[in-house]
Structures are given as C-alpha cells and as structure tokens.
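Structure assessment
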Amino acid sequence: MNVIFVAPLIVSGIAAVLAALISILDMIVNNYGIVKIVINKGKKELEVKGGGNLLQLLAGNDIFLPSACGGRGSCGACKCVVKTDIGPLLPTETPYMTKDEIDVNTRLSCQIKVKKDIEIEIPDVLFNVKQLEGVVEKISDITHDIKELYISIGEETIEFEAGMYVQLVVPPYGKIKGETQRAYSMSSPPSDKNHVEILVRLVPGGIATTWVHTELKEGDKVKVIGPFGDFHRMETDATMICIAGGSGMAPFKSIFKDMYERKINNREVWYFFGARTGKDMFFLDELRELEKKWDKFHFVPALSEPEESDNWSGETGLITAVLHKYLKDKISSDTDREGYLCGGPGMIAACKSVLTDNGIPLEKIYFDNFA
Amino acid sequence: MKMTPAFKKAQGNMAPGVITAGGFLGDDKRDIKDIITEDEERMEYFSLDYETVCDKLEYLLEKGGKGLGEFTTVDDTWLVRTLEARGHLPCPFEDGIHRKITCEAVNLKNNRKILFSTISIHLLREHHFHEGKGSEFRLDPESLKKVLEI
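Residues numbered from 1 in each chain as written. Chains lettered and ligands numbered in written order. Predicted model: local features only at pLDDT ≥ 70, side-chain atom pairs only at ≥ 80, totals over all residues.

This next bit is on the overall build of chain B. Scanning chain B for helices and strands turns up 5 helices and 4 strands. Computed over C-alpha atoms, the radius of gyration of chain B comes to 15 Å, within 12% of the 15 Å expected from 2.2 N^0.38 for 150 residues, which places it in the range of a compact globule. Taking the principal axes of the C-alpha coordinates as reference, chain B spans close to 45 × 35 × 25 Å. Each of the 150 residues in chain B was classed as buried or not, and the buried ones make up 40%. Long-range contacts, defined here as pairs at least 24 residues apart, represent 54% of the contacts in chain B between residues at least 6 apart. (Helix = DSSP H or I, 4+ residues; strand = E, 2+ residues; numbered from the N terminus. Rg over C-alpha atoms; globule rule 2.2 N^0.38 Å. Buried ≥ 20, exposed ≤ 12 C-beta atoms within 10 Å, placed from the backbone. Contact = placed C-beta atoms within 7 Å.)

Listed below in structure tokens is the structure:
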C-alpha cells in the first residue's frame, strides 16, 4: 500500500529536482548579462539585457527598424550592418541578402541574438522614427474594399516627407495570437502633423487588412510606428510620371496635396491611376478638381474592364497600355521625365519596362513597392 | 500514414504565429496526417490529380498577375486577382521558401471562390496538404473541382 503512494511521490520529486536543475542551468548558461549596442560609431549607445533579438532590443529603446512582418523573419526589411563578428549568416537570412549586403555583413535584426557587445550601423534617419499612440478619428469607406483611416496622434507630431510610410501595429484578435505589423503609405500631407491617414485595401486572408475592415472602429486606440521609407518627390524640374492602382493612391495623394499646398506647381505632373471597374475607382472628383486648379497637373484614370453600368468615357485598358500611349503621343520628351510608381512588384516591373522603353532611364524611376 | 517526427515538427510550424500569424490549420484539431489522408481520398473521389490541379493553380496565379494588382478576367471563366507582398515564407515542412504571392480566383459561372498562394501550391504538390478546415487558404477538393472545372 505504502509503495503505491510512495513511488509516484519519488518519481514526482525526481522530476521536480531535474526541472529545477534545468532551470538553474538555463539561467547560468543563457545569462548574457548586460550588453552594449553601439550604433553608428557611438552616436547612440544602449545597455540592454543580453539574449534578445536585436530588432526587439532596439525597439525597447525607441529605435525602430522597418519591419513589415513584425519580426517573423518573413519580410526581410529589418536589415542593418553589424560591425562585430556575431557568427555566420543564418539560413533564415540568406534569401533576403544581395552579394553586396553580405560583403558588408548586413544582417536581419529580427534573426540575430545579442549575446555580447556589438556595434551596428543603421541609416541616421531611423533615429527620427517614433512609436505613436493614436485614436481612430474617422474610418471612411472609399470603395467596396478600401477603407481610409484617419488617426489622431493628439499632441504628438510626425515629421515626414510626402511618400513615406508608417507601420500599423495590429494587436492579437480572434485566432491571431500575437501582435503583428504592416506597412502603409501615408495619404495625409506632411502639413497635418497631428494625424496619420492611410488607405487599407482588404486582402483576403490578410491579418492587418481583415482587422481594419472587420474589427477596428472609430474611437479605438491604435499604435503606428514611423515614418519610414525613401519614396518621395525629387527636387527637380523634370516632368513627373506617376502611376498607381488601388491603395497605391495613398502616397500620391500626400505628394500632390503637399505640392499644391506649397505652391510647387512649376513642373508637369501626369498621374495614371488604374482600376478594373467603376466600383474600384475612387477620388475621381477630388483629382479632377485639382486638375482644374493646377494647370500642369494631368489626371488619367483608366478602367481595365469597365462595365456597362459604369458609363465610363475615360481611358480603357491596362494602365501600362494607357501609359505607353500617352508617353508616345501626349507627354513631351523634350524635357526630363521621372517615373514614380506605387504598387505590387508585378505592377512596378511592368511599368518600369514601359517607362524605360519610352526613354526614361531606370535611375530616374522611383518606386514604393508595398502599397 | 504515421505522425513521424518531421510531421510533428511541421504541425508545430503550422500553428498561428510561427510562420504566418493565422497559421495553416484553421479550426482543425486533427493531426496533419489525418487531414492529408482524408483530402487524398476526397481528391480521388472527385477524380482530381495533384499535378493537374497545381498546374491549373499556377496558370491562374500567373494570368492574374497581368491585372497588375486588380481583378482580371481569365479565359472568360475566372475572375482572378494576384497580389504580391514583400518577402518570403518558409514551408512548414522545412523544404524551401516561397514568395508571398496570393491569388483569389472566382468561377464566373457558379461564383465559387478559392484563395491560394505560392506556398499553397507547393504544399499541395509536394505534401498533398490542403490546409486545415477553417483556414482561409484551405483548398477543399470539392471547391477545387467546382472552381477549376477539371
């Protein structure tokens, strides 16, 4: 009888001792103590508890590297140059690296653990990136699958160039257990320093877009991190050839509004915007109104598959075909031209090839490929 | 089919938050071997073979790309939209990485819809894994039959 009770107690006791031993060993072996992160040759130095991943350790000290996946190692955005030897590139990093990046020891900050003092280099501009706590002031249905979020950041301010983006922090919801982040171009002009406006198109299966379209309400608190990105208007007199579709409208809305507000109206601007049918087209009235007020601004909307009910009298066909026609026949090649693109990689590639075929060199084509 | 250590690892990788925030299993609590076995039987029931289905999915994904991010009509039969996001996703079976390209295909005759990605095609072709029930990217054999018309 005693054996029946004592045996399980002995086994449980041994298991508990082993568990405690493992725990103590873990604390000893994996205790890296306080380690130092030196950024940009000492412009900033952080003292952090070792063992965490670099992306999180930096974020914990208000230094935010771009990350479109929130640190899951699936976007390849959170790159930085590591000047200290921290071991070889991991298999999870190699797909995202070019040869030049490998040569200077570029690493994905979400994949590397900081176990000793390290020195890193990041673009100085990232020191200006902030995490902003905001409140959704307004949600507008722009089309059947695009919503516009107008987020107030209260007394906080955001300084950015038109064309840049923020990362929207998506909290856990439904089956989504962890926090994640997604990048969205700002559609508000830089003059509106207390707000962040973004366009969010519903992507089936998309974690952030589903959250925005089904969970988020006016008055809800949200977090955004930014500004990020180097997509912006070049300070030249060249004719701007701008091309977008869907939520790729966002950075251009910001750029045009900024140019109009600051009276930068001396250069020709052509804006090509593609949608499939009338129900996918938006901001037509606003952009046509802008066209009336700004004689060098030309808006060319096009529908690829217009329906009869659309009563569409504008351009039809894929935006690349319309662009090609205008570059051949309507847009002067006597002055310099620059291409500005916002859309997915497929759209960017197709537009780049139309632009280069029409004499615009690759180095004068600027793009933001995660609308 | 047995739940080998590799299958157990893959099942762990399919949980929400490991590779994708939503995971690959939906509400399905079964072992992936059971999911695969049942779906293989249903593919046979609907007279579908994996190569033909995967070739058709690849065809739609490629044709959808011509819409440059917008829906486009393919062969007067499907309305297709292909979207690409930045980055790659590793296969939960740990045999490669795939670009994040998703495709939505609607059969215009019966309005049935499927949602799939480059990794879905790989999972189907190489592992006969259709994703768990309740997963947004599940490729149910009956839906494949009705949408793809094969």
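In any sheet, the strands associate via hydrogen bonds between backbone groups, in a parallel or an antiparallel arrangement. All names here are of chain A. Read across the sheet, 6 strands follow the order 15-14-13-12-16-17 without closing on themselves; strand pairing throughout is parallel. Two strands lie at the open edges of the sheet, namely strand 15 (315–316) and strand 17 (365–368), each paired on one side alone. Relative to strand 16 (residues 337–342), strand 12 (residues 239–245) runs parallel, the two being bridged by 6 bridges. Of the residues in strand 16, the one forming a bridge with Ile243 is Leu341. Across the sheet, helix 7 (residues 319–329) touches strand 12, strand 13 (269–275), strand 14 (297–303) and strand 15, and the angle it forms with strand 13 is around 155°. (Pairing = 2+ DSSP bridges. Axes fitted to C-alpha atoms, helices over the stretch in contact; angles between N-to-C directions.)

Next up on the list: the confidence of the model for chain B. On average, chain B scores 93 in pLDDT, and the residues at 70 or more come to 99%. The ipTM for the predicted assembly is 0.82, set against a pTM of 0.86. (pLDDT = per-residue confidence, 0-100.)

Residues and elements named next belong to chain B. Look at helix 3 (residues 50–65) against helix 4 (residues 118–127): their axes get within 9 Å of each other, and the N-to-C directions meet at 165°. In terms of orientation, helix 3 and helix 4 fall into the roughly antiparallel class. Here helix 3 runs over helix 4; the crossing is left-handed. Of the residues in helix 4, those touching helix 3 at Tyr50, Val53, Cys54, Leu57 and Glu58 are Ile121, Leu124 and Arg125. Of the residues in the contact of helix 3 with helix 4, the class split is 6 nonpolar, no polar and 2 charged. (Parallel < 35°, antiparallel > 145°, perpendicular 65-115°, else oblique. Left-handed = near helix turned anticlockwise from the far one by under 90°. Nonpolar A, V, L, I, M, F, W, Y, C, P; charged D, E, K, R; others polar.)

What follows covers the interface of chain A and chain B. On the chain B side, the residues contacting the 35 residues of chain A number 25 residues. Of the residues forming the side of chain A that touches chain B, the biggest block, 4 residues, is contributed by helix 8 (residues 345–357) of chain A. Residue composition of the side of chain A that touches chain B, by class: 16 nonpolar, 14 polar and 5 charged.

So, about the environment of Glu137(A). All names here are of chain A. When you line up the elements, Glu137 lands in strand 6 (residues 130–141). The class of Glu137 is partly exposed, set by 15 C-beta atoms lying within 10 Å. Along the sequence, Glu137 and His195 sit 58 residues apart, while their C-alpha atoms lie 9.1 Å from each other. Among all residues touching Glu137, those that are not within four sequence positions of it are Tyr150, Ile151, Ser152 and Glu218.

Take the environment of Met240(A) next. Residue and element names in this part refer to chain A. Structurally, the position occupied by Met240 is in strand 12. Residue classification places Met240 among the buried residues on the basis of 23 C-beta atoms within 10 Å. In sequence terms Met240 and Ala59 are 181 residues apart; their C-alpha atoms lie 36 Å from each other. Apart from the residues within four sequence positions on either side, Met240 is in contact with Arg267, Val269, Trp270, Glu338 and Tyr340.

So, on to the pairing of strand 16 of chain A. Residue and element names in this part refer to chain A. Most of strand 16 is tucked away: 6 of the 6 residues are buried. Of the two faces of strand 16, the one holding Arg337, Gly339 and Leu341 and the one holding Glu338, Tyr340 and Cys342 are both buried throughout. A crossover links strand 16 with its parallel partner strand 17, the connecting element being helix 8, and its sense is right-handed. (Right-handed = clockwise from strand over helix to strand, strands pointing away.)

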